[in-house]
Amino acid sequence: MATQRIISKEKTTHLDDDGKGAPEPSELAPAVPTSVIYKLLSFTFAMFTLPIGTYFFIVNYVFIGNSTFAGALAAVMANVVLVAYVIVAMQEDQSDRLEEEEKRKKTS
């Protein structure tokens, strides 16, 4: 049978208790800026609606009944949205790098 130890007399130790307090309060801000989330959501919406809308517009009004050309143009529009997203992401990354370089120059 197991017996219960009396813990009140023992000193408790923790692995992370080194006598120092927390170096700084924890940050509650999201890891990703909200502008990035809005861009991602807008491009997701465009990736869903633009090719489908293009397909149905082309098949009903431009090439009446010819779904081959409409499908090809819808695929092209999906690629346009994808390339636009990559360009926006690269521009945002470059602006972040420039801001970091300016901060380094100011501290130096």
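All of these numbers come straight from a predicted model, not from anything done at the bench. (Residues numbered from 1 in each chain as written. Predicted model: local features only at pLDDT ≥ 70, side-chain atom pairs only at ≥ 80, totals over all residues. Heavy atoms only, no water.)

Caption draft 1: Region of interest: the overall build of the protein. Counting its secondary structure elements, the protein contains two helices and zero strands. A fraction of 50% describes how many contacts in the protein between residues 6 or more apart in sequence connect residues 24 or more apart. Accessible surface computed for the protein: about 9,900 Å², of which carbon and sulfur atoms make up 63%. (Helix = DSSP H or I, 4+ residues; strand = E, 2+ residues; numbered from the N terminus. Contact = heavy atoms within 4.5 Å. Areas by Shrake-Rupley, 256 points an atom, 1.4 Å probe, with all protein chains shown as cover.)

Caption draft 2: The arrangement of helix H2 (residues 67-107) in detail. Compared with an ideal rise of 1.5 Å per residue, which puts 41 residues at 60 Å, H2 spans 60 Å between its outermost C-alpha atoms and is within 8% of the ideal. Listing the buried residues of H2 in full gives Ala-70, Ala-74, Ala-78, Val-81 and Glu-92. For H2, the secondary structure elements touched by its buried residues are helix H1 (34-62). The opening residue of H2 is Asn-66, an N-cap whose side-chain oxygen sits 3.3 Å from the backbone nitrogen of Thr-68. (Expected span 1.5 Å × (residues − 1). Buried < 20%, exposed > 50% of the residue type's maximum accessible area, 1.4 Å probe, protein only. Polar contact = N/O pair within 3.5 Å; in protein donor to acceptor, adjacent residues only side chain to side chain.)

Caption draft 3: Broad picture of the packing of H1 against H2. Relative orientation of the contacting elements H1 and H2 amounts to 165°, with a least axis distance of 7 Å. The angle between H1 and H2 places the two elements in the roughly antiparallel class. Both H1 and H2 take part in a crossing whose hand is right-handed. Its residues placed into classes, the contact of H1 with H2 shows 20 nonpolar, three polar and two charged. (Axes fitted to C-alpha atoms, helices over the stretch in contact; angles between N-to-C directions. Parallel < 35°, antiparallel > 145°, perpendicular 65-115°, else oblique. Left-handed = near helix turned anticlockwise from the far one by under 90°. Nonpolar A, V, L, I, M, F, W, Y, C, P; charged D, E, K, R; others polar.)

Caption draft 4: Here's a closer look at the UniProt feature "transmembrane region" (unreviewed entry) in the protein. Taking the UniProt record as the reference, the feature "transmembrane region" (unreviewed entry) is found at residues 40-63 and 69-88. Secondary structure over residues 40-63 splits into 96% helix and 0% strand, and the C-alpha atoms at its two ends are 32 Å apart. Segment residues 69-88 splits into 100% helix and 0% strand. End C-alpha atoms: 29 Å apart. (UniProt positions renumbered as here; feature names shortened; annotations may be inferred.)

Caption draft 5: Region of interest: a nonpolar patch on the surface. Together, Leu-40, Met-47, Leu-82, Tyr-85, Val-86 and Met-90 make up an exposed nonpolar region whose accessible area comes to about 510 Å². Looking at the nonpolar patch element by element, the count peaks at four residues for H2. Along the chain, the position of Met-90 falls in helix H2. (Patch = residues over 30% accessible without salt bridge, like charges linked within 9 Å, V, L, I, M, F, W, Y side chains within 5 Å. Salt bridge = Lys/Arg side-chain N within 4 Å of Asp/Glu carboxyl O.)

Caption draft 6: Inspection of the environment of Val-81 at higher detail. The residue Val-81 is located in helix H2 in this model. Relative accessible area serves as the criterion here: at 6%, Val-81 is assigned to the buried category. In contact with Val-81, not counting residues within four places along its chain, are Phe-43, Ala-46, Met-47 and Leu-50.

Caption draft 7: Looking closely at the packing of aromatic side chains. On inspection of all chains with the given rule, the structure shows four aromatic pairs. Arranged with centres 5.2 Å apart and planes meeting at 70°, the rings of Phe-43 and Tyr-85 form a pair that is edge-to-face. Of this pair, Phe-43 sits in helix H1 while Tyr-85 sits in helix H2, and the two are 42 residues apart along the sequence. Both rings, one in Phe-57 and one in Tyr-61, keep their centres 5.5 Å apart while their planes meet at 45°; by these two values the pair is tilted. One end of the pair, Phe-57, and the other, Tyr-61, are both in helix H1, four residues apart, so they sit about a helical turn from each other. Residue Phe-57 is classed as partly exposed on the basis of its relative accessible area of 47%. (Phe/Tyr/Trp six-rings, centres within 6.5 Å; stacked < 30°, edge-to-face > 60°.)

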